[in-house]
Amino acid sequence: MSTAVVLLGHGSHISPNTAATVWEAVDALRALGIADEITAGFWKELPGFSRVLDTLTADDITLLPMFTAQGYFTRQVIPGEMPLAPRTRMARTLGEHPRIGEIIEQRARNALAQHGLTPSEVAVAVIGHGTKNNPTSRAATESQADRLRGLGIAAEVAAVYLDDDPEIPTVYESTSAPVIIAVPYFLAAGSHTVIDVPGALGLPDGVTDSQINGRRVVYTPPIGADGGLTDIVLALLADAGADVTPKPVGSVWDGVPSAGRDHFLAALRASGRLSFGALTVTPREVRCGDGDDLPTLTTPAQVRAAVRTEPFRPLVTVRDMPNRWRVAVKSPEQAHAVVETVYPGLIADWAAEQHGTLHVVNLPTVAARQKGMFRPLVNFSAADEAALCGEICAGCILSPRWARSGAAGGGLPCAEPCNVYLSAAKEGMTGDDDNG
Ligand code: SF4
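Because the structure is predicted, anything quoted here is derived from the model rather than measured.

## Here we look at the site of the ligand
Around the ligand, the structure places Leu315, Ile392, Cys393, Cys396, Leu398, Trp402, Cys414, Pro417, Cys418 and Tyr421. Class assignment of the residues belonging to the shell around the ligand gives a composition of ten nonpolar, no polar and no charged.

Written as structure tokens, this is what we have:
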């Protein structure tokens, strides 16, 4: 029986770190060889929740939400985007593992020790995301605050929220200790923990120790900032019934999704050279750019940094990839893995289209399955849709096969509107910027 693991994350349009934390966990699992295919799926980046299962060929798939709490995303968004097929099982969320509580406790204890503070002079603020869309989102943060209270770690412990009540600034009224240790109960050093939470606390940019409202505020890193999540992920996968026994791994390019791989390899062997988006692929190398002096990259993490981090490109299929590089490969299979790393999920759609099995979903259908802010797009007109395709999709290497205008042939296929398109459409309809 072949197996797969998918880590589900939020992703971001602002910060590369939100998805990078998830991809780091993917790389760690691939290095252990715990499944035949290991990948990530995202709300805001590629591959999307709704498409990622189509990239896998495994008989047995375990999904793990890399979220700090059961709530809006795990109970409404993810089930709406990816109804579970018979071959899939869902693990508990990352935040449900007891070790996460220990990490939060350690963040507070480290701050006490590093700054020479005593518990009697400190209030700890556990800062969660929360959402008014689902009251259960806040339960995990409250439970972490209760745990710290039980440990007597500080004179006061408060739970406050970025997007729920009580809001973050209320910590200055609900507590009175001279020092506040603020612990963001977030996975990554992304836009929420780098911009939004410190901003709500009143911290200047990049400052983690400051006087605010007559109080000293010490701001700690989020829970996944220094890695160390692999053991927790493995434990949650095993709890869900996945076999996580490590197996020998041939190279860092093992363990990528395999849907469409046979078609890709056949095309590469037949032609000897493929153009795939911004890439030129041969059985010996994958390159982005011309010349003999391209820097050589050797790992998936380096490739992701080149194509999505430096500078940040939340949609990796936008034209004009900014960096020039090459990867020397030992086999066509490794070449496939490099392309899958650059364009996650795209080979599966490309091969499916050539086999006549690509599942295309138009904008009204995508909007109809939404639980939140994109739902009003069921009323987005075909004319507005075509105009926005002219703005957004024209800058992408993919062609929107889903467009109701039917004008998008040729090139690599886009089977349904991406989150960048949906965000732009929503902004056009309501004037609201989807900040995140
Ligand atoms: S919706 Fe448009 S911009 Fe987004 S991936 Fe598809 S073609 Fe590209």
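After that view of the structure, there is still more to cover.
## Overview of the sheet that holds strand β8 (residues 209–212)
The five strands are arranged β6-β5-β7-β9-β8 in an open sheet whose pairing can be described as mixed. On the outer flanks of this sheet lie β6 (156–161) and β8, each paired with one strand and no other. Across the sheet, the mean angle from the axis of one strand to that of its neighbour is 25 degrees, orientation sign disregarded. In the sheet, strand β5 (residues 122–128) pairs with β6 via six bridges, with the strands oriented parallel.

## Quick notes on helix α4 (residues 98–114)
Helix length check: α4, at 17 residues, gives a terminal C-alpha distance of 25 Å against a target of 24 Å (1.5 Å per residue), a fit within 8%. When we look at burial in α4, the residues that qualify are Ile100, Gly101, Ile103, Ile104, Glu105, Arg107, Ala108, Ala111 and Leu112. Buried residues belonging to α4 abut β5, α5 (139–151), β7 (179–184), β9 (215–219) and α8 (230–239).

## Notes on the pairing of strand β12 (residues 285–288)
Of the two faces of β12, the one holding Glu285 and Arg287 and the one holding Val286 and Cys288 are both buried throughout. Two strands pair when backbone bridges link them, and strand β11 (residues 279–281) and β12 are joined in this way by two bridges, in the antiparallel orientation. Bridge pairing in β12 links threonine 280 to arginine 287. Where β11 hands over to β12, the hairpin turn is made up of three residues, counted between the paired strands. Inspection of the sheet shows β12 paired to strand β13 (residues 325–328) by four bridges, in the antiparallel sense. The residue bridging glutamate 285 from the neighbouring strand is alanine 328, located in β13.

## Some words on the packing of aromatic side chains
Here the structure, examined in full by the defined rule, presents eleven aromatic pairs. Measuring from centroid to centroid gives 6.1 Å for phenylalanine 264 and tryptophan 350, while their planes differ by 70 degrees, and the two rings are edge-to-face. Here phenylalanine 264 is found in helix α9 (residues 261–271), whereas its partner tryptophan 350 is found in helix α12 (residues 346–354), with 86 residues between them in sequence. Ring centres 4.9 Å apart and planes at 75 degrees place the aromatic pair tryptophan 402 and tyrosine 421 in the edge-to-face group. With a gap of 19 residues between them, tryptophan 402 in the loop between β14 (398–400) and β15 (412–414) and tyrosine 421 in helix α15 (residues 419–430) connect regions that are remote in the sequence. With a relative accessible area of 2%, tryptophan 402 lands in the buried category. Owing to a relative accessible area of 1%, tyrosine 421 belongs among the buried residues under this scheme.

## Overview of the packing of α9 against α12
Packed helix pairs are characterised by how far apart their axes lie and by the angle those axes make with each other. At a minimum axis distance of 8 Å, the contact between α9 and α12 shows a crossing angle of 80 degrees. One way to sum up the angle between α9 and α12 is to call them roughly perpendicular. For the pair α9 and α12, the contacting residues are Arg261, His263, Phe264 and Ala267 in the first and Ile347, Trp350, Ala351 and Gln354 in the second. For the contact of α9 with α12, the residue count by class is five nonpolar, two polar and one charged.

Definitions and limits used
- Residues numbered from 1 in each chain as written.
- Predicted model: local features only at pLDDT ≥ 70, side-chain atom pairs only at ≥ 80, totals over all residues.
- Heavy atoms only, no water.
- Near = heavy atom within 4 Å.
- Nonpolar A, V, L, I, M, F, W, Y, C, P; charged D, E, K, R; others polar.
- Pairing = 2+ DSSP bridges.
- Helix = DSSP H or I, 4+ residues; strand = E, 2+ residues; numbered from the N terminus.
- Axes fitted to C-alpha atoms, helices over the stretch in contact; angles between N-to-C directions.
- Expected span 1.5 Å × (residues − 1).
- Buried < 20%, exposed > 50% of the residue type's maximum accessible area, 1.4 Å probe, protein only.
- Contact = heavy atoms within 4.5 Å.
- Phe/Tyr/Trp six-rings, centres within 6.5 Å; stacked < 30°, edge-to-face > 60°.
- Parallel < 35°, antiparallel > 145°, perpendicular 65-115°, else oblique.

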